[in-house]
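Reading the structure
Letter by letter, the chains look like this.
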Amino acid sequence: MSEHSLPKRRLGRTDFDITPIGFGAWAIGGPDWGWGWGIQDDAQSIAAIRHAVARGINWIDTAPVYGLGHSEEIVREALAPIPKSERPLVFTKAGLVWDPDNRNALPARVGDAKSLRREVEASLQRLDVEVIDLYQVHWPANDGTPIEEYWATFADLKAEGKVRAIGLSNHGRDLLQRGGKVAPVDVVQPPFSAIKRGFAGEDLSWVRAHGSGVIAYSPLQSGLLTGVFTPARARALPENDWRSRDEEFGGEALYRNLAFADGLRPIAARHRTTVAAVAAAWVLAWPGITGAIIGARKPEHIDGWIDAATNALSPRDLDDIEDMLVATRAGSGPTRPDLAEAA
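Here is a short report on the structure shown in this document. The structure presented is a predicted model; accordingly, all values stated were derived computationally and were not measured.

Here we take up the pattern of salt bridges. The full count for this structure, using the stated rule, is 15 salt bridges. The closest approach of N and O atoms between Glu72 and Arg126, which form a salt bridge, is 2.7 Å. With Glu72 in helix H2 (residues 70–79) and Arg126 in helix H3 (residues 113–127), this residue pair connects regions lying 54 residues apart in the sequence. Pair check on accessibility: Glu72 and Arg126 agree, each one buried.

Right, let's talk about the packing of H3 against helix H4 (residues 147–159) for a bit. It is the contact of H3 with H4, at a shortest axis distance of 10 Å, that shows an interaxial angle of 40°. With respect to their mutual orientation, H3 and H4 come out oblique. Note on packing geometry: the crossing formed by H3 with H4 is right-handed. Residues Ala113, Leu116, Arg117 and Val120 of H3 form the contact with H4, whose own contacting residues are Tyr150, Thr153, Phe154, Asp156 and Leu157.

This part covers the sheet that holds strand E12 (residues 291–295). Within the closed barrel, the 8 strands sit side by side as E3-E4-E5-E8-E9-E10-E11-E12. Their pairing is parallel. Taken over all neighbouring pairs, the strand axes of this sheet differ in orientation by 30° on average, direction set aside. Where strand E4 (residues 59–61) and strand E5 (residues 89–94) come together, 3 bridges link them in parallel fashion. Looking at E5, one finds that Asp61 is bridged to Phe91.

Turning to the pairing of E12, a few remarks are in order. Burial analysis of E12 places 4 of its 5 residues in the buried class, the great majority of the element. In the sheet, strand E3 (residues 21–24) pairs with E12 via 4 bridges, with the strands oriented parallel. By the bridge assignment, Gly22 is partnered in E12 with Ile293. Of the strand pairs in this sheet, strand E11 (residues 213–217) and E12 are connected by 3 bridges, and their pairing is parallel. Within the sheet, the bridge partner assigned to Tyr217 lies in E12 and is Ile293.

So, how was this worked out
Throughout, a residue's number is its position along its own chain's written sequence, starting from 1. For this predicted model, a pLDDT threshold of at least 70 governs which residues receive local features, and a threshold of 80 or more governs which side-chain atom pairs are given and counted, while totals over whole chains, interfaces and linings are taken from all residues. Each side-chain value is worked out from all heavy atoms of the structure, with water and hydrogens disregarded. By definition, a salt bridge exists where a carboxyl oxygen of Asp or Glu is found within 4 Å of a side-chain nitrogen of Lys or Arg. Helix numbers and strand numbers start at the N terminus; a helix is a DSSP run of H or I with at least 4 residues, a strand a run of E with at least 2. Note on exposure labels: buried denotes an accessible area under 20% of the residue type's maximum, exposed denotes more than 50%, and partly exposed covers the range between, all computed with a 1.4 Å probe on protein chains only. Think of each axis as a best-fit line through the C-alpha atoms, taken over the contacting stretch in the case of a helix, with angles from 0 to 180 degrees between the N-to-C directions. Roughly parallel covers angles under 35 degrees, roughly antiparallel covers those over 145, roughly perpendicular covers 65 to 115, and oblique covers all other angles. Crossings are assigned a handedness: left-handed for a near helix turned anticlockwise from the far helix by less than a right angle, right-handed for a clockwise turn. The contact criterion used is simple: two residues touch if any of their non-hydrogen atoms lie within 4.5 Å. In short, DSSP must find at least two bridges between two strands for them to pair.

Put into structure tokens, the structure is as follows:
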């Protein structure tokens, strides 16, 4: 049983009531694939998932491509001893197909119906579940399959009972609009943090107008907004950690981002919490954002950000964060949620 009770929010058009933060299983996929996070201890991954559930988190977001099947298998192993009535919801994805002979090649973005049906069966088997709670298109297809076709396949999977809800990840407003004409978009999953703020423009407006839920990924910008990242750590990232090649982790962008993270410390002190919890709470403060996906590679990582589920930022906090975004020139996009919109 969970040791703690966290607040819950209805996830868009689904019948799920989810905690404001969920466990992100990208990093636990391990190394040796195109977007890996370096070496990861599977025992620590399993312990982290079980700790998240014990702390009250009631959903996990994974994908087949994370470790080329490995992340889903770790999720299965972590949840196996937990009674089914007490297990978290499990969200996964489809549409990225990898080359088993070249693990580090970038996966193909495939929307073909037969391929998607093979993927759902593979995920059901790896996760050892009878139905997937939320099934999402990971990225827009580029194999020539239009969104109208692959979204219709997802709607069929829902109608057939393979999945309970369907969503679109990394799809902008124009694609959301086209997909929404085929079938309702239950959930949208965008990148969204105080550094990557673009979703807070037209995309979020569309989502709110159409009743979709939003689970934002990388609210801590892959570690930059934890309050413990440093330039030395960025320089020491191994080649098999995708962040070593990311523009936000190098050059002037890195120093702007870390200066902004450092500026969150007084707010964290006011709330008696961590910089990471404040950064995630900022994402959750936007009207229309249902939940934030936060990764953890060790159990103690969860304790560093779980306060975001219960610590609401005040107008003063949001003003201070906006001032810091302007002063440090970190990231881009809208700088402050309008809390009046939530009324």
